[in-house]
Each structure stands twice: as structure tokens, then as C-alpha cells.
Amino acid sequence: MLLLAVVSTATYGQTLTLVSWGGSYSRSVDSAWLQPFREETGIEVQLDDYNGGLARIRAQVETGNVFWDVVDMTTSDAVRACDEGLLEFIRIEDLPVAPDGTSASEDYPSGLRSDCAGAGLIFSTIVAYNDEQFPAEKPTTLEDFFDLKKFPGRRGMRREPVANLEFALMADGVPIGKVYETLSTDQGVARAFAKLDTIKDQIVFWEAGAQPPQMLADREVVMTTAYNGRIFNAQILENQPLTIIWDGQIQETSGLAIVLGTPRLKTASQLVNFISRSEIMAEISRFISYSPMRTSANPLVSTHLETGIDMAPHMPADERNMGRVLNNDWLWWADHRDEMNERFFVWLSR
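Bear in mind that the values here come from a model prediction, so they are computed numbers and not experimental data.

Caption draft 1: Structural detail: the nonpolar core. With 63 residues, the main nonpolar core has Trp33, Met73 and Leu271 as its most contacted residues. The residues contacting Trp33, other than those within four sequence positions of it, are Tyr25, Ser28, Leu121, Phe274, Ile275, Ile280, Met281 and Ile284. Within the second largest apolar cluster, 38 residues are counted, among which are Phe146, Val179, Tyr180 and Leu183.

In C-alpha cells, the structure reads:
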């Protein structure tokens with residue numbers, strides 16, 4: 001059991017490595033979370049980047065050469081890694097209480113976190129386009145992403161099955177509530193890949209979250225799937241003429257996990273504890289449009305620090321963006337990720 005520690009003079013001056021998703025998101029993490037942590041504790045935190053997955057974590061744990069301390073993970077990956085014994089267990093009862101004294105176990109929405117992750121954000125995978133490439137009629141629905149006749153041009157998609165299979169089924173007419181039920185059958189998986197086949201020769205695949213807004217800005221693609229916060233930063237900070245299609249957005253959660261066997265366990269636990277505070281967790285929304293997971297943190301979301309704009313309309317869970325929304329079933333992905341990865345890369349190779 002991991003007991004989250006309080007700040008200690010014994011850890012002052014130590015250095016941690018936090019692995020995150022790079023680009024504008026990592027810069028937001030540094031400004032919102034790591035700078036205040038450094039100031040309060042004197043512990044230096046270095047940022048490293050990755051593109052998700054468990055391979056590098058698994059290799060470190062299995063060899064006993066653990067050099068990553070805290071990893072920013074999607075909940076589905078955290079569940080798989082927790083089940084494999086790759087992460088330290090984090091009891092929700094040990095996380096900080098809310099400002100009004102509500103316990104963390106009552107403050108986190110039910111079923112949104114792993115037993116091996118603290119802190120936590122809600123983000124969405126969406127479709128976005130460059131407005132200048134559509135001077136007349138604009139795409140407005142997920143179906144438009146798959147309509148090469150009405151909206152010709154190359155599409156960007158992440159080089160993995162998560163979200164792509166769900167987008168394909170929704171665009172093919174599968175109701176929100178039936179998506180994972182459909183994906184649980186061979187016929188449903190075949191249906192998803194058949195839909196992807198309709199645009200396959202026009203797909204440009206991306207791997208890092210920073211790529212989609214750049215692909216749109218460079219006009220390498222006319223539309224792409226992307227993380228909503230990356231598009232927001234390109235819109236607001238770089239004045240890129242990008243538009244988000246919220247229809248069919250897939251909401252997902254993430255959290256901070258501690259790699260099993262880190263020799264810096266105490267300081268790693270301090271970092272997770274610190275970022276799990278409601279007021280600290282909410283700070284991320286001043287830099288990028290991702291929502292804090294804790295209920296008590298949401299009322300603390302205010303304005304963008306640099307521009308002063310109201311952040312609410314840019315949040316995935318804002319009522320204006322909640323028309324057709326699929327909640328990522330991270331338990332389904334934890335059970336089916338390896339199988340779907342294999343089938344996806346076989347499909348890519350054909």
C-alpha cells in the first residue's frame with residue numbers, strides 16, 4: 001500500500017522525472033502543477049515525453065532499472081498497468097480532501113479513476129478542421145469526416161485503434177449506447193474497419209498530440225482527429241483558423257501513476273498528492289482546455305491566464321458541447337487493447 005507522504009526536509013533538493021504527452025500540454029503541466037510544486041517543496045521535476053502505452057514502463061519494471069517516477073496515463077492504460085503490477089497502488093482515501101472537507105472518495109466521480117492513479121483530467125478526442133480550407137460549406141458532424149465526396153481531402157487519425165474504431169461505428173450509424181456492445185463482436189469490429197476502409201487511402205496518421213494542429217496549419221490534411229486542448233491552444237495562442245467539431249466527441253480520463261520500484265517513491269508520492277489537491281488540479285484549465293476530474297475542482301475553473309477568455313465554452317463537458325458524446329469505456333479497452341492493437345496493425349499493413 002502506498003501512503004502518500006507530506007513534504008519533508010529530507011527530500012528537499014531531490015529531482016523527479018514526470019513523463020507526459022509533450023507539446024502545449026506538457027508546457028501547461030509545467031506551469032500549472034510543477035512550478036508551484038517546486039516552489040512549495042524545493043523538489044525539482046524534469047519533464048520527459050512519450051506517446052502512451054506500457055512498453056517502456058514494463059521494460060523498466062522488469063529489468064529493475066526504473067528511471068521514470070510519475071507517468072501521466074490514460075485511465076485505460078493505468079488500469080492495465082495496475083493489473084500487471086507495474087504501478088504503485090494509490091488509495092483514494094489517502095488523497096487530499098476537498099476545500100470543504102469532502103473526502104476524495106466522495107469527490108471523484110464514480111468509476112473514473114484507476115486504483116493506481118491520482119490527480120486526473122477529463123479530455124476529449126474530437127475532429128477539427130482548418131476553416132480556410134472550407135470557404136463555402138463547413139463540416140459540422142462526425143459523418144462529414146468520413147464523407148470524401150462532400151468534403152474531399154486527406155484526413156488525420158492517430159496511429160492506434162482507440163477512438164478510431166468508435167468514430168467509425170458512430171459515423172456508420174451505431175447509437176452511442178451500442179458502440180462497445182457492437183465492438184465486442186467480430187461483426188462489429190469488421191464493421192468498424194470497413195468504415196475506416198472508405199477513407200483509408202486518404203488518411204495521414206499521427207502519433208504525438210502536437211501533430212494534428214500542425215498538420216492542419218500546414219494544410220497537410222483538411223480534417224483530423226485531435227485532442228481538444230491541443231486545438232484550443234493553436235486557436236487561442238497561435239491564432240490558427242481551426243474549428244472543433246464537438247459532434248461525436250469521445251471523452252476520456254487520465255491520471256498520474258507512480259512506476260513500481262522507483263527509488264524516489266516518497267518524493268513521487270508527494271508530487272501526486274500535491275497535484276491531487278482540488279485547487280492545484282483546477283489550475284491546468286488556466287492554460288489548456290482540459291477539465292479537472294474532481295467535482296470540487298470544477299467550480300474553480302475560471303479564465304485563460306494569458307488571454308483572459310472564459311474557459312467554460314472550451315471545456316468538453318460544457319453543455320454547449322454535449323450533443324452527441326461517447327464516454328470512453330476504459331474497462332473495455334483494458335480488456336481488449338492488445339487484441340485491437342494487433343487487428344489494427346494488421347489492417348494498416350494491408
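Caption draft 2: Region of interest: the pairing of strand β2 (residues 44–49). Two strands pair when backbone bridges link them, and strand β1 (residues 15–20) and β2 are joined in this way by six bridges, in the parallel orientation. Bridge pairing in β2 places Leu18 opposite Leu47. Handedness of the β1-helix α1 (residues 23–41)-β2 crossover: right-handed.

Caption draft 3: Quick peek at the packing of aromatic side chains. Overall, the coordinates contain 18 aromatic pairs when judged by the stated rule. Judged by centre distance (6.3 Å) and plane angle (90°), the rings of Phe205 and Phe344 are edge-to-face. Of the two residues, Phe205 is situated in strand β6 (residues 203–206) and Phe344 in helix α13 (residues 330–349); the sequence distance between them amounts to 139 residues. Overall, Phe205 belongs to the buried group, its relative accessible area being 17%. Among the aromatic residues, those joined into a cluster by ring pairs are Tyr25, Phe123, Trp206, Tyr227 and Tyr290. Its guanidinium or amino end placed over the ring of Tyr108, Arg113 lies 5.7 Å from that ring's centre, counting from NZ or CZ. A cation sits over an aromatic face here: Arg155 above Phe145, 5.9 Å from the ring centre.

Caption draft 4: Structural context of the packing of helix α8 (residues 186–197) against α13. Direction vectors running N to C along α8 and α13 enclose 35°, while the axes themselves pass 12 Å from each other. Considering how the two elements wind past one another, α8 and α13 form a crossing that is right-handed. From α8, Asp186, Val189, Phe193, Leu196 and Asp197 reach across to α13, where they touch Met340, Arg343, Phe344 and Trp347. Of the residues contributing to the contact of α8 with α13, the split by class is six nonpolar, no polar and three charged.

Caption draft 5: Structural detail: the state of the cysteines. Summed over the entire model, instances satisfying the criterion amount to one disulfide. In this model, Cys82 is linked to Cys116 through a disulfide, with the two sulfur atoms separated by 2.0 Å. Every disulfide takes its handedness from the sign of the S-S torsion; for Cys82 and Cys116 that torsion is 55°, giving right-handed. Of the two residues, Cys82 is situated in helix α3 (residues 75–83) and Cys116 in the loop between α4 (104–107) and β4 (118–130); the sequence distance between them amounts to 34 residues. Given a relative accessible area of 22%, Cys82 falls into the partly exposed group. Its relative accessible area of 2% is what places Cys116 among the buried residues.

Caption draft 6: Fine view of the pattern of salt bridges. Scanning all chains against the criterion turns up 23 salt bridges. Residue Glu137 is joined to Lys150 by a salt bridge in which the shortest nitrogen-to-oxygen separation is 3.2 Å. Of this pair, Glu137 sits in the loop between β4 and α5 (142–145) while Lys150 sits in the loop between α5 and β5 (155–158), and the two are 13 residues apart along the sequence. Given a relative accessible area of 43%, Lys150 falls into the partly exposed group. Note that Arg159 is salt-bridged to Glu207, the shortest N-O span being 3.4 Å. Of this pair, Arg159 sits in the loop between β5 and α6 (164–171) while Glu207 sits in the loop between β6 and α9 (211–217), and the two are 48 residues apart along the sequence. A relative accessible area of 35% places Arg159 in the partly exposed class. Among the ionic contacts, a cluster of salt bridges with common partners joins Asp77, Arg80, Arg158, Glu160, Arg337 and Asp338.

What counts, and at which threshold
Residues numbered from 1 in each chain as written. Predicted model: local features only at pLDDT ≥ 70, side-chain atom pairs only at ≥ 80, totals over all residues. Heavy atoms only, no water. Core = buried A, V, L, I, M, F, W, Y, C linked by side-chain atoms within 4.5 Å. Buried < 20%, exposed > 50% of the residue type's maximum accessible area, 1.4 Å probe, protein only. Contact = heavy atoms within 4.5 Å. Pairing = 2+ DSSP bridges. Helix = DSSP H or I, 4+ residues; strand = E, 2+ residues; numbered from the N terminus. Right-handed = clockwise from strand over helix to strand, strands pointing away. Phe/Tyr/Trp six-rings, centres within 6.5 Å; stacked < 30°, edge-to-face > 60°. Lys NZ or Arg CZ within 6 Å of the ring centre and 35° of its normal. Axes fitted to C-alpha atoms, helices over the stretch in contact; angles between N-to-C directions. Left-handed = near helix turned anticlockwise from the far one by under 90°. Nonpolar A, V, L, I, M, F, W, Y, C, P; charged D, E, K, R; others polar. Disulfide = S-S within 2.5 Å. Salt bridge = Lys/Arg side-chain N within 4 Å of Asp/Glu carboxyl O.

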